Amino acid sequence: MTLSPARVPASGVRRLTTTLYGYAFLDDFVLLYPVYALLFADTGMSLWQISSLFALWSITSVVLEVPSGAWADAMSRRRLLWIGPLLTAAGFALWVVVPSYWAFAAGFVLWGAGGALGSGALEALVYDELDRLGAARRYARLMGRARAARLAGTVASLGLAGPVFAQGGYAAVGAASFLACVLTAVTATRFPEHRVRPDHTDHGWATTLRTGLAEVRRDRSVRGALLLIPAVAAVWGALDEYTPLLVRDIGVAEATVPYLIMLIWAGVTVGSFLTGPAERLGRAGLAALLAGAAIALAVGAAARSLAGIALVSLAFAGFQLAEVLADARLQHRIDESRRATLTSVASLGTELATVATFGVYALLGTDMAHSTVFAVLAIPYLVTALALARSRAATARP
């Protein structure tokens, strides 16, 4: 039977989206998340050693972020998407089988490498497959839902970690996390990939990286879209780590803090689902969204009340929505052959800006309350919103 042209894209999009949502859910369905710090401490690691492990994890991601994007443009993106989770699975196995400082360090290097392989490759594969099917405009909506699937995976892992740990300890949660990574890799093999890869046999991925960075320098619209991603993603991504301290400072009981954190993340999930209707927002609309979220963050944090926490949740929803839209703006502007490279460059910018935000928070938090620091760190979003509004005005000017 011959399929009609109308049905072929529909079938292709359905396969892509089903695989994407399953991959996103499983990739964050890691039962070790809430207990791995406890594992390190119970193995006898000092606070300095634990901190050094987290630093090693971040350094691995930063070092491999851009090269991995270039690899994804020079070879099969699908291959990188299934290799990455297997590296992470090997790291988790080391943690549980031979728990020691060097095993934990090796595990974090493997986890960081696995995450770097998928960063850039996933966005590039999804966009190019949608473009092949004539559905590139669905990208923001699909990636927003994929982020919601990731959040669902995280919440599910948090909910199951307690009972599984109670039954089998670290070995049980480690085995469950290992299995989730293997299932993530198996799911990744189901991604369609029809891209004809360019011939980089002479210079390999280094050529891809150089040409990608040259495009950033040459094309102002690409440069602006790339810089917008860390401008939107970094600050609220860093603030997320401090939300428990903000919540506790409003005077609620310790046992109530997790429920209010879930309220904040419920807002983030809503923001992920709103990407479809928000795709029509231009620069002015995106500027308004960022300004509104910044005001909600500042007012909500300063209120130091339950209503204020609801406003923080609303602000995070706006930032999540803006982050997905910023990613879509970049994907629409870059060439297929350098898509993963430039997406990884944007991710690297986000990583570095996030680390800088941690430093600023520590500096400000020495003399200020958490609510005040949150309010101050809303200012960069107002600056970004103003820059977007001014760039739109300059473009509209004859």
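Shown above is the structure to which this text applies.
This text gives an overview of the structure that appears in the document. (Residues numbered from 1 in each chain as written. Predicted model: local features only at pLDDT ≥ 70, side-chain atom pairs only at ≥ 80, totals over all residues. Heavy atoms only, no water.)

A word on the overall build of the chain
In step 1: The helix and strand tally for the chain stands at 17 helices and zero strands.
In step 2: Put simply, the chain has 398 residues, and 48% of those count as buried.
In step 3: Intrachain contacts of the chain at a sequence separation of at least 6 include 82% that bridge at least 24 residues.
In step 4: Surface summary for the chain: the accessible area is close to 18,000 Å², and the carbon and sulfur share equals 65%. (Helix = DSSP H or I, 4+ residues; strand = E, 2+ residues; numbered from the N terminus. Buried < 20%, exposed > 50% of the residue type's maximum accessible area, 1.4 Å probe, protein only. Contact = heavy atoms within 4.5 Å. Areas by Shrake-Rupley, 256 points an atom, 1.4 Å probe, with all protein chains shown as cover.)

Concerning the environment of Thr 60
In step 1: Mapping Thr 60 onto the fold places it in helix 3 (residues 47-74).
In step 2: For the pair Thr 60 and Gly 112, spaced 52 residues apart in sequence, the C-alpha separation works out to 5.4 Å.
In step 3: Those residues within four positions of Thr 60 in sequence are excluded, and the remaining contacts are Val 109, Gly 112 and Ala 113.

Some points on the packing of aromatic side chains
In step 1: For the coordinates displayed, the defined rule picks out 28 aromatic pairs.
In step 2: On the basis of an interplanar angle of 85 degrees and a centroid distance of 6.1 Å, the ring pair of Tyr 36 and Phe 108 is categorised as edge-to-face. Of this pair, Tyr 36 sits in helix 2 (residues 36-42) while Phe 108 is found in helix 5 (residues 101-118), placing the two residues 72 residues apart along the sequence. In this structure, Tyr 36 and Phe 108 share a single accessibility class: buried.
In step 3: Taking 6.1 Å as the distance between ring centres and 65 degrees as the angle between the ring planes, the aromatic pair formed by Tyr 242 and Phe 358 counts as edge-to-face. Residue Tyr 242 is found in the loop between helix 9 (220-239) and helix 10 (243-248), and its partner Phe 358 is found in helix 15 (residues 339-365); the two are separated by 116 residues along the sequence.
In step 4: In textbook terms, an aromatic cluster arises when at least three aromatic residues are bridged by ring pairs, as seen for Tyr 33, Tyr 36, Phe 40, Trp 57, Phe 92, Trp 95, Phe 104, Phe 108 and Trp 111. (Phe/Tyr/Trp six-rings, centres within 6.5 Å; stacked < 30°, edge-to-face > 60°.)

Concerning the pattern of salt bridges
In step 1: For the structure shown, the criterion picks out five salt bridges.
In step 2: Between Asp 27 and Arg 150 there is a salt bridge, and its shortest N-O distance comes to 2.9 Å. With Asp 27 in helix 1 (residues 7-27) and Arg 150 in helix 7 (residues 139-188), this residue pair connects regions lying 123 residues apart in the sequence.
In step 3: The class of Asp 27 is partly exposed, set by a relative accessible area of 27%. (Salt bridge = Lys/Arg side-chain N within 4 Å of Asp/Glu carboxyl O.)

Quick notes on the nonpolar core
Grouped burial of nonpolar side chains is what soluble globular proteins tend to show.
In step 1: Of all hydrophobic cores here, the largest spans 83 residues; its most connected members are Phe 191, Leu 297, Phe 316 and Phe 319.
In step 2: Looking at which element gives the most residues to this core, the answer is helix 14 (residues 306-333), with twelve residues.
In step 3: Ignoring sequence-local partners within four residues, the contact set of Leu 297 consists of Leu 239, Val 312, Ala 315, Phe 316, Phe 319, Phe 374 and Ala 378.
In step 4: If you look at the next biggest cluster of nonpolar residues, it comprises 24 residues, including Leu 31, Phe 104, Trp 111 and Tyr 170. (Core = buried A, V, L, I, M, F, W, Y, C linked by side-chain atoms within 4.5 Å.)

Considering the environment of Leu 228
In step 1: In this structure, Leu 228 sits in helix 9.
In step 2: Measuring from C-alpha to C-alpha, the distance between Leu 228 and Asp 327 comes to 8.6 Å, with 99 residues separating the pair along the chain.
In step 3: Here Leu 228 is in contact with Leu 286, Ala 326, Arg 329, Thr 384 and Leu 388, once residues within four sequence places are set aside.

Fair warning: the whole summary comes from geometry, so function is off the table for now.
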